[in-house]
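Next come the chains, spelled out residue by residue.
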Amino acid sequence: MRRTIAILLQNPLSLLGVTLVTIVVLSAIFADFIVPFPDHKGAVVDFANFNKAPEWPYIFGTDLVGRDMFSRIVYAYRISLILGIVVLAIAVPIGVTVGLVAGYLGGWTEYALMRVTDVFLSVPPLVLAMSIMGVLEPTLLNGMMAVTAMWWPWYTRLVYNITRAEKEEGYVLAAEVIGASKLHVIFREILPNCVPAIITKMTLDLGFVIIIASSLSFLGLGVQPPTPDLGSMVADGAKYLPDSWWLTVFPGLAILAAVFGFNLVGDALREILGADQ
Amino acid sequence: MSPVVRLLAHRLGMSLIVLVGVSMLIFAIARIIPGDPARIALGPNATPEQVENLRQALHLDQSIVVQYGFFVADLLRGDLGVSLYTNRPVIADIAQFLPATLELVLAAGIMMIGIGLPLGIISARYRGRWPDNLVRLVSLLGVSAPSFVWAVILMLLFAFFLPIFPIAGRISDIYSIEAVTGFLLIDTLIAGNVAAFGDAAWHIVLPAFALAVSGIGQAARLTRANMVETYDKPYIEMARSYGFPDRRIANRFAFRPSLIPALTIIGLDFAAMLGNAFLVEAVFAWPGLSRYGVAVILRKDLNAIVGTVLIISATFLIMNIIVDLLIAFINPRIRHSQRPA
Amino acid sequence: MSVATLDIRDLYLSFRGYVGTVEVLHGISLHIDRGERVALVGESGSGKSVTARIVLGLLQELRSAHVSGELLFEGTDLTTLSAAARHDLRGTKMSMIFQDPTSSLNPVYTIATQFHEVQKRALPTLGAAESRAMAAKMLGDVSITEPDRVLDSYPFQLSGGMNQRVMIAMALANEPSLLIADEPGTALDVTVQAQTLTLMHDLVAEHETSVLFISHNLGVVREFADRVYVIYKGRIVEKGRTQALFGNPGHPYTRALMAAVPKITGGGVADVEEASEAFAEPMVDHDRQAVA
């Protein structure tokens with residue numbers, strides 16, 4: 001662990017990644033203390049200062065009802081991160097368990113589970129989430145459900161492949177010979193070998209969840225106003241291009257910076273943990 | 001039976017099973033909808049009798065299994081029902097909007113392959129040196145933003161700031177082209193109107209590129225990763241020992257074996273563009289499935305939602321089959337059954 | 001007397017790494033006359049494979065490698081040649097045979113295609129039909145009875161022994177003056193290896209090709225080589241004509257190598273268990289002893 005961190009901090013690119021992730025996470029946690037206008041996360045109207053180009057104290061400008069873009073972006077990070085963490089916290093255990101069971105048990109269980117997984121994987125991810133959101137009311141909670149529903153199969157696929165390779169390994173056979181239960185073999189013997197790959201994928205996925213969630217809200221199918229969201233900010237601002245460029249450019253770059261950070265860290269982890277699939 | 005035909009048959013069979021699964025999944029999702037679709041369709045002024053009649057007509061009064069049975073029976077006749085939003089057959093709506101989306105996705109796919117693979121090759125060939133570092137940085141940036149962000153940035157830079165490309169649409173208003181295939185790039189050529197073809201091609205560049213950016217990054221990263229692995233293989237050292245130029249070793253001896261594992265995932269990404277096309281279409285006012293899809297979702301237009309998702313999934317599966325066949329074509333192990341001499 | 005095909009004088013090699021510089025070769029001298037088969041024998045890590053790669057000019061392309069000494073190939077010093085000129089020699093004037101034939105052939109091209117590529121190194125304008133005819137004849141020379149079927153096959157469709165013959169034919173296709181064989185056929189089973197080595201022996205004799213034969217297998221070396229160099233930790237410890245050296249091994253390391261029991265598995269690889277101080281003794285030169 002200490003070695004991993006040391007290597008992370010040595011390479012300039014992964015250092016940049018760690019820095020970006022740290023800034024995003026800290027600003028999301030301490031948003032109330034950082035932003036100049038904490039109340040602008042809600043339905044505040046300040047027509048005296050609406051649609052202003054960046055100028056002090058509005059370093060990213062103001063939106064069409066006069067709210068500080070910088071404050072709203074920082075709060076949007078908070079929502080994106082919560083969404084990402086919740087989605088992964090639900091999707092990963094489900095996906096991993098299904099993958100382990102399908103890979104280890106084989107036979108009809110494997111066939112049935114993997115075909116169900118295939119079904120989920122054969123709808124373009126965004127389209128699946130969209131159709132779920134279309135049926136449900138567009139709220140943060142439903143957004144999480146929709147993204148979770150499309151996310152778990154990717155972990156099933158990943159863990160399934162590792163499990164199939166690992167179950168022929170000596171240590172698994174040894175455990176079986178001494179009569180270990182299936183549960184023991186699956187969760188105590190095989191699962192630990194999947195962990196590096198899972199952690200790497202989770203780091204990369206935190207970025208992708210942000211992308212998918214912002215895509216949903218960009219289409220108006222995600223988080224609803226007045227809750228700040230990077231995707232809907234870009235969508236709202238796109239109508240006022242190119243004159244009010246700050247309405248789209250800053251939220252867009254905010255997505256890019258956060259996801260880029262997670263990807264840099266994920267890439268570095270993949271190299272360090274040797275978790276190439 | 002040749003191995004390729006066997007593979008095709010197998011893939012088609014699997015896809016059919018998956019498609020049935022998708023139809024059940026999406027049907028189930030659509031039926032857990034809160035609220036009465038018949039009531040929504042008829043509006044608040046409808047009488048209870050009218051609502052009840054529509055419910056019966058739509059089989060909404062029966063169990064979900066029966067409803068699914070009716071749905072499949074209709075589907076087999078090529079009938080996806082009537083959109084409650086446009087009051088037209090869903091299949092007609094999709095037929096009208098899908099070609100524009102497909103045209104955009106195909107153009108982006110060509111860019112993804114045409115730019116992403118060469119970038120990956122360069123990266124692997126100059127591993128550890130500046131071209132590699134540059135490509136890795138750029139491709140990682142490419143996959144780090146949703147396509148609507150790239151769409152907005154590209155539009156700002158190359159349509160507003162440097163007015164090189166048109167801001168929106170598929171073709172300038174001055175041209176009126178008869179729709180034959182629905183693909184403007186083909187229809188303009190059928191009409192023999194070269195100027196219109198050029199205009200349509202000019203219109204598609206920015207949206208397609210915005211859609212392709214993350215695919216290009218993904219393709220470059222995958223190609224590089226697989227080629228770096230291939231470079232350690234004995235047959236590359238053998239090629240070096242024969243003094244083949246570096247460029248030939250990269251483009252011919254290392255690239256093709258590396259392409260086989262990369263292509264599967266590149267194919268998935270290519271197909272995923274069908275979803276992301278929604279985002280780009282929204283920015284560039286591209287008259288594809290996006291506006292229709294979002295509109296029917298917001299209106300809870302069941303038939304249209306189910307139909308749209310099914311058609312997109314079927315297209316996605318067809319694309320995957322094409323990719324599998326491509327892989328079979330470049331991978332002699334699949335094309336020829338193994339028979340050691 | 002004609003000029004030696006290969007004359008290595010005082011070759012040093014070191015690698016710059018994170019921990020400092022590692023010396024791999026400490027002044028190796030070795031020569032091969034025209035048509036001569038010379039073996040370089042040693043354990044893995046002794047420096048025999050890197051010597052082969054230096055002759056081909058492959059190691060010099062690594063930025064971490066530092067090479068010094070003279071490398072005379074048919075009288076021309078390779079170290080003074082430009083990278084491009086060195087490049088031109090590979091595949092035309094010198095070629096190499098690798099350890100594992102099946103994984104050394106490209107998996108996605110047919111044998112015919114790979115032959116054509118190799119032939120174009122010497123004859124850039126050679127057409128496919130002519131290439132095929134020539135390749136079929138060469139495959140006949142390595143006792144392949146169905147050249148057409150082999151030419152249309154991919155490496156994975158052929159047996160290891162068959163691929164080995166293909167590789168030998170390919171390596172000799174452009175009539176190189178020097179053939180480097182790096183542990184040829186070690187990945188094959190012993191009888192197949194013996195067959196292909198006999199084939200190779202006869203072919204290089206016929207074409208008067210000089211061979212640098214790199215091996216750790218003393219049995220194979222005894223059959224194949226005219227002269228032998230024994231290498232230990234980057235130094236030549238003994239050299240001489242095969243019979244002289246095997247008949248009367250002078251250096252403690254050579255004696256240890258011969259005494260080590262070849263294992264059945266691994267193609268008769270003899271491993272010397274322990275390093276002895278005696279292995280650092282000066283070189284034993286059988287040619288000089290004969291004169292004295």
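Just so we're clear, the structure is a prediction, and the values are computed from it rather than from any experiment. (Residues numbered from 1 in each chain as written. Chains lettered and ligands numbered in written order. Predicted model: local features only at pLDDT ≥ 70, side-chain atom pairs only at ≥ 80, totals over all residues.)

Enquirer: What is the right way to look at the overall build of chain B in this model?
Expert: Helix and strand counts for chain B come out as 14 helices and zero strands. The order of α-helices and β-strands along chain B, N terminus first, is α-α-α-α-α-α-α-α-α-α-α-α-α-α. Structurally, chain B occupies a C-alpha span of about 85 × 60 × 40 Å along its principal axes. Looking at chain B as a whole, 44% of its 341 residues qualify as buried. By sequence separation, contacts in chain B at least 24 residues apart represent 73% of the contacts at least 6 residues apart. (Helix = DSSP H or I, 4+ residues; strand = E, 2+ residues; numbered from the N terminus. Buried ≥ 20, exposed ≤ 12 C-beta atoms within 10 Å, placed from the backbone. Contact = placed C-beta atoms within 7 Å.)

Enquirer: Would you mind going over the overall build of chain A with me for this structure?
Expert: For chain A, the helix and strand inventory stands at eleven helices and zero strands. Listing each helix as α and each strand as β along chain A from the N terminus yields α-α-α-α-α-α-α-α-α-α-α. Each principal axis of the C-alpha atoms in chain A carries an extent, and together these give about 75 × 45 × 30 Å. Looking at the 277 residues of chain A, the share that counts as buried comes to 50%.

Enquirer: Where do I start with the sheet that holds strand S4 (residues 65-73) of chain C in this structure?
Expert: Backbone hydrogen bonds hold the strands of a sheet together, and the pairing may be parallel or antiparallel. Residue and element names in this part refer to chain C. Read from one edge of the open sheet, four strands run S2-S1-S4-S5, paired in antiparallel fashion. Bordering the open sheet on either side are strand S2 (20-32) and strand S5 (76-77), each of which pairs with just one other strand. Here two bridges tie S4 to S5, and the two strands are oriented antiparallel to one another. Looking at the pairing, Leu-72 lines up with Asp-77 of S5. (Pairing = 2+ DSSP bridges.)

Enquirer: Honestly, the packing of helix H7 (residues 140-166) of chain A against helix H9 (residues 182-218) of chain A in this entry has me stumped. Any pointers?
Expert: Packed helix pairs are specified by the crossing angle of their axes together with the interaxial distance, meaning the distance between the axes. Residues and elements named next belong to chain A. Where H7 contacts H9, the two axes come as close as 10 Å, and the packing angle between them is 155 degrees. As summarised for this structure, H7 and H9 are arranged roughly antiparallel, according to the angle between their axes. Seen from above, H7 lies across H9 with right-handed handedness. Within the contact between the two elements, H7 uses Gly-143, Val-147, Tyr-155, Leu-158, Val-159, Ile-162, Thr-163 and Glu-166 and H9 uses Ile-190, Asn-193, Cys-194, Ala-197, Ile-198, Lys-201, Val-209, Ile-212, Ala-213 and Leu-216. In the contact of H7 with H9, the residues fall into 13 nonpolar, three polar and two charged. (Axes fitted to C-alpha atoms, helices over the stretch in contact; angles between N-to-C directions. Parallel < 35°, antiparallel > 145°, perpendicular 65-115°, else oblique. Left-handed = near helix turned anticlockwise from the far one by under 90°. Nonpolar A, V, L, I, M, F, W, Y, C, P; charged D, E, K, R; others polar.)

Enquirer: Please explain the interface of chain A and chain B as it appears in this structure.
Expert: Note on interface size: it is often stated as the accessible area lost on association of the parts. With 37 residues of chain A in contact, the opposing surface of chain B contributes 42 residues. Mapped onto the side of chain A that touches chain B, the elements with two or more residues apiece are helix H5 (107-121), helix H6 (125-135), H9, helix H10 (230-238) and helix H11 (246-273) of chain A. Of the residues contributing to the side of chain A that touches chain B, the split by class is 24 nonpolar, ten polar and three charged.

Enquirer: Please clarify how the pairing of strand S1 (residues 6-17) of chain C should be interpreted in this entry.
Expert: Successive residues of a regular strand alternate their side chains across the two faces of the sheet. Residues and elements named next belong to chain C. Here ten bridges tie S1 to S2, and the two strands are oriented antiparallel to one another. Directly across from Ile-8, in S2, lies its bridge partner Leu-30. Between S1 and S2, which follow one another and run antiparallel, lie two residues. Where S1 lies against S4, eight bridges are found, and the strand directions are antiparallel. Within S4, the position partnered with Leu-13 by the bridge is Val-67.

Enquirer: Just checking my understanding: could you explain unusual backbone geometry for this structure?
Expert: Peptide bonds are trans in most cases, and residues, glycine excluded, mostly fall at negative phi. With an omega dihedral of 0 degrees, the bond running from A:Trp56 to A:Pro57 counts as a cis peptide bond. By the element assignment, A:Pro57 lies in the loop between helix H3 (31-34) and helix H4 (69-105). The backbone of B:Asn87 sits at a positive phi, close to 60 degrees, despite the residue not being glycine. With respect to the helices, strands and loops of the structure, B:Asn87 is situated in the loop between helix H4 (64-76) and helix H5 (90-125). Residue B:Asn87 is classed as exposed on the basis of its 9 C-beta neighbours within 10 Å.

Enquirer: Could you clarify how one ought to interpret the interface of chain B and chain C in this entry?
Expert: Taken together, the contact pairs 19 residues of chain B with 25 residues of chain C. When residues of the side of chain B that touches chain C are assigned to their parent elements, the largest contribution, five residues, is made by helix H10 (residues 234-241) of chain B. Across the side of chain B that touches chain C, the residue classes tally to ten nonpolar, four polar and five charged.

Enquirer: Would you mind going over the sheet that holds strand S9 (residues 227-232) of chain C with me for this structure?
Expert: Residue and element names in this part refer to chain C. One open sheet holds the seven strands; their spatial order is S6-S7-S8-S3-S9-S10-S11, and the pairing between them is mixed. The open sheet terminates on both sides in strands that have one partner only, identified here as strand S6 (94-97) and strand S11 (284-285). Inspection of the sheet shows strand S10 (residues 235-241) paired to S11 by two bridges, in the parallel sense. In the sheet register, Lys-239 faces S11, and the bridge partner there is Asp-285.

Enquirer: I tried to follow the pairing of strand S8 (residues 210-215) of chain C on my own but got confused; where do I start?
Expert: Residues and elements named next belong to chain C. Of all six residues that make up S8, six are buried, and the element is covered over most of its length. Alternating positions in S8 separate into two faces, Ser-210, Leu-212 and Ile-214 on one and Val-211, Phe-213 and Ser-215 on the other, with burial throughout. By the bridge criterion, five bridges tie strand S7 (residues 178-182) to S8 in an arrangement that is parallel. Opposite Asp-182, over in S8, you have Ile-214 as the bridge partner. Regarding the hand of the β-α-β motif, the stretch spanning S7, helix H8 (residues 190-207) and S8 is right-handed. (Right-handed = clockwise from strand over helix to strand, strands pointing away.)

Enquirer: Looking at this model, I keep getting lost on the confidence of the model for chain A. Mind explaining?
Expert: Caution applies to low-pLDDT regions: their predicted coordinates should not be interpreted in detail. For chain A, per-residue confidence averages 85 on the pLDDT scale, and 98% of positions sit at 70 or higher. Model confidence for chain A, summarised as mean pLDDT per element, is weakest for helix H1 (residues 2-10) of chain A at 75 and strongest for H4(A) at 91. (pLDDT = per-residue confidence, 0-100.)

Enquirer: Hey, could you run me through the packing of H5(B) against helix H11 (residues 246-284) of chain B in this one?
Expert: All names here are of chain B. Running from N to C, H5 and H11 cross one another at 145 degrees; their axes reach a closest spacing of 7 Å. In this structure, H5 meets H11 at a crossing whose hand is right-handed. Contacts from Thr-101, Leu-104, Val-105, Ala-108, Gly-109, Met-112, Ile-121, Ala-124 and Arg-125 in H5 reach Asp-246, Ala-250, Asn-251, Phe-255, Phe-270, Met-273, Leu-274, Ala-277, Val-280 and Glu-281 in H11. Residues of the contact of H5 with H11, tallied by class, amount to 13 nonpolar, three polar and three charged.

Enquirer: I would appreciate a short explanation of the nonpolar core in the present structure.
Expert: Soluble globular proteins tend to pack their nonpolar side chains together in the buried interior. Ranked by size, the top nonpolar core spans 254 residues in total, and within it A:Ala129, B:Ala151, B:Val280 and C:Leu212 carry the most contacts. Looking at this core, the element that brings in the most residues is H11(B), giving 21 residues. Setting aside residues up to four positions removed in sequence, C:Leu212 forms contacts with C:Leu6, C:Ile32, C:Val38, C:Leu40, C:Ala52, C:Val55, C:Leu178 and C:Ile180. (Core = buried A, V, L, I, M, F, W, Y, C linked by C-beta atoms within 7 Å.)

Enquirer: Help me out: how do you make sense of H5(B) in this one?
Expert: Given 3.6 residues to a turn, an α-helix orients residues that are three or four positions apart in the same direction. With 36 residues, H5(B) should cover 52 Å at 1.5 Å per step; its first-to-last C-alpha distance of 50 Å lies within 8% of that length. Helix geometry: H5(B) is bent most strongly at B:Phe97, by close to 35 degrees, with proline B:Pro99 lying one to four residues after it. (Expected span 1.5 Å × (residues − 1). Bend = angle between axes of the 7 residues up to and from the residue.)

Enquirer: Explain the arrangement of the chains here, please?
Expert: Inter-chain contacts occur across two pairs of chains; the most extensive set of contacts lies between chains A and B. A gap remains between chain A and chain C, which never touch, and the nearest two C-alpha atoms on either side lie 15 Å apart.

Enquirer: Sorry if this is basic, but what is going on with the environment of B:Leu84 here?
Expert: Note that B:Leu84 resides in the loop between H4 and H5. Once the C-alpha coordinates of B:Leu84 and B:Arg240 are considered, the two residues, 156 residues apart in sequence, prove to be 65 Å apart.

Enquirer: Where do I start with the confidence of the model for chain B in this structure?
Expert: The predicted model of chain B averages 85 in pLDDT, with 96% of residues at 70 or higher. Under the prediction, the complex receives an ipTM of 0.87, its pTM being 0.85.

Enquirer: How should I be thinking about the environment of B:Pro234 in this particular structure?
Expert: Looking at the secondary structure, you find B:Pro234 in helix H10. With 17 C-beta atoms counted inside 10 Å, the residue B:Pro234 sits in the partly exposed group.

Enquirer: Looking at this model, I keep getting lost on helix H12 (residues 289-298) of chain B. Mind explaining?
Expert: Residues and elements named next belong to chain B. Of all the positions in H12, only Leu-289, Ser-290, Tyr-292, Gly-293, Val-296 and Ile-297 are classed as buried. Seen from one end, H12 has its buried residues packed into an arc of 170 degrees, which puts them on one side. Looking one or two places after H12, you find Lys-300, whose phi comes out positive at around 55 degrees. (Arc of directions from axis to C-beta.)

Enquirer: Is there a simple way to explain the environment of B:Ala57 in this structure?
Expert: Residues and elements named next belong to chain B. Along the chain, Ala-57 falls in helix H3 (residues 48-57). The exposed category is assigned to Ala-57, around which 11 C-beta atoms lie within 10 Å. Along the sequence, Ala-57 and Phe-197 sit 140 residues apart, while their C-alpha atoms lie 45 Å from each other.

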